[in-house]
Amino acid sequence: LFLSLQLFGTIVWILVASTRVPLPLLQGWVMFVAVTAWFLSIVFLSVFLFGYANRIAVNWNQADFIFHGATFVFYFGAFLLQAATTSLHHFPRKFNSTTQEKLLNGREYNISIAASV
């Protein structure tokens, strides 16, 4: 489960980082969640791989449940923000400009859809 979390967290991290970031506040939270969950899953995995779990008196089943539950809640919130950013693709980038450049072009729109999924 930790390896799949790292894999998909890395994919989200790469996809969000490759967009132009039209709304930095929303996509900044998505990046924060992806990077933090990725880093904490590496820490959690290394605790088990190096045998520290036997030395630390913690209920690891409960810690695992809390970690994955919190990760689910944060990733779901990040999904909603990324999906909201993706849904705004048809709005103009500058409202006072005479050009009608969209907030996300076709390539960035497709990358944002992949990052949302």
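Only a predicted model underlies this, so the values are computations on that prediction, with no experimental measurement involved.

### Quick look at helix α4 (residues 60-87)
Inference 1: For α4, with 28 residues, the first-to-last C-alpha span of 40 Å sits near the 40 Å given by 1.5 Å per residue.
Inference 2: Three or more residues of α4 are buried, namely Trp60, Phe67, His68, Thr71, Tyr75, Ala78, Gln82, Thr85 and Thr86.

### So, the environment of glutamine 6
Inference 1: Note that glutamine 6 resides in helix α1 (residues 2-17).
Inference 2: The sequence separation of glutamine 6 and leucine 40 amounts to 34 residues, and the corresponding C-alpha distance is 9.5 Å.
Inference 3: Residues in contact with glutamine 6, not counting those within four places in the same chain, are Trp38, Ser41, Ile42 and Leu45.

### With respect to the environment of threonine 10
Inference 1: By secondary structure assignment, the location of threonine 10 is in helix α1.
Inference 2: Once the C-alpha coordinates of threonine 10 and alanine 37 are considered, the two residues, 27 residues apart in sequence, prove to be 9.8 Å apart.

### Overview of the UniProt feature "transmembrane region" (unreviewed entry) in the protein chain
Inference 1: Here, the residues flagged by UniProt with the feature "transmembrane region" (unreviewed entry) are residues 28-53 and 65-84.
Inference 2: Taken end to end, residues 28-53 comprises 92% helix and 0% strand; its first and last C-alpha atoms sit 33 Å apart.
Inference 3: When the span residues 65-84 is considered, its composition is 100% helix and 0% strand, and the gap between its end C-alpha atoms is 28 Å.

### Some words on the packing of aromatic side chains
Inference 1: A complete count under the given rule lists 8 aromatic pairs for this structure.
Inference 2: With a centroid separation of 5.5 Å and an interplanar angle of 10 degrees, the aromatic rings of phenylalanine 44 and phenylalanine 48 are classed as stacked. Separated by 4 residues within a single helix, phenylalanine 44 and phenylalanine 48 lie in helix α2 (residues 24-49), roughly one turn from each other.
Inference 3: The class for phenylalanine 44 is buried, based on a relative accessible area of 9%.
Inference 4: Ring centres 6.2 Å apart and planes at 25 degrees place the aromatic pair phenylalanine 72 and phenylalanine 76 in the stacked group.

### Some remarks on the side chain of serine 41
Inference 1: Within the secondary structure, serine 41 is located in helix α2.
Inference 2: The exposure class assigned to serine 41 is buried, which follows from its relative accessible area of 0%.
Inference 3: Of the polar contacts made by the side chain of serine 41, one reaches the backbone oxygen of tryptophan 38; its length is 2.8 Å.

### Side note on the side chain of threonine 71
Inference 1: Counting through the fold element by element, threonine 71 comes out in helix α4.
Inference 2: Once you skip the residues sitting within four places of it in the chain, threonine 71 turns out to touch Leu5 and Ala37.

### With respect to the packing of α4 against helix α5 (residues 106-116)
Inference 1: Across the interface, α4 lies against α5 with an axial gap of 9 Å and an inter-helix angle of 160 degrees. Relative to α5, α4 is oriented roughly antiparallel. Helix-helix and strand crossings are classified by hand; for α4 and α5 the assignment is left-handed. Residues Phe79, Gln82, Ala83 and Thr86 of α4 form the contact with α5, whose own contacting residues are Tyr109, Ser112, Ile113, Ala115 and Ser116.
Inference 2: Of the residues contributing to the contact of α4 with α5, the split by class is 5 nonpolar, 4 polar and no charged.

Calculation notes
- Residues numbered from 1 in each chain as written.
- Predicted model: local features only at pLDDT ≥ 70, side-chain atom pairs only at ≥ 80, totals over all residues.
- Heavy atoms only, no water.
- Helix = DSSP H or I, 4+ residues; strand = E, 2+ residues; numbered from the N terminus.
- Expected span 1.5 Å × (residues − 1).
- Buried < 20%, exposed > 50% of the residue type's maximum accessible area, 1.4 Å probe, protein only.
- Contact = heavy atoms within 4.5 Å.
- UniProt positions renumbered as here; feature names shortened; annotations may be inferred.
- Phe/Tyr/Trp six-rings, centres within 6.5 Å; stacked < 30°, edge-to-face > 60°.
- Polar contact = N/O pair within 3.5 Å; in protein donor to acceptor, adjacent residues only side chain to side chain.
- Axes fitted to C-alpha atoms, helices over the stretch in contact; angles between N-to-C directions.
- Parallel < 35°, antiparallel > 145°, perpendicular 65-115°, else oblique.
- Left-handed = near helix turned anticlockwise from the far one by under 90°.
- Nonpolar A, V, L, I, M, F, W, Y, C, P; charged D, E, K, R; others polar.

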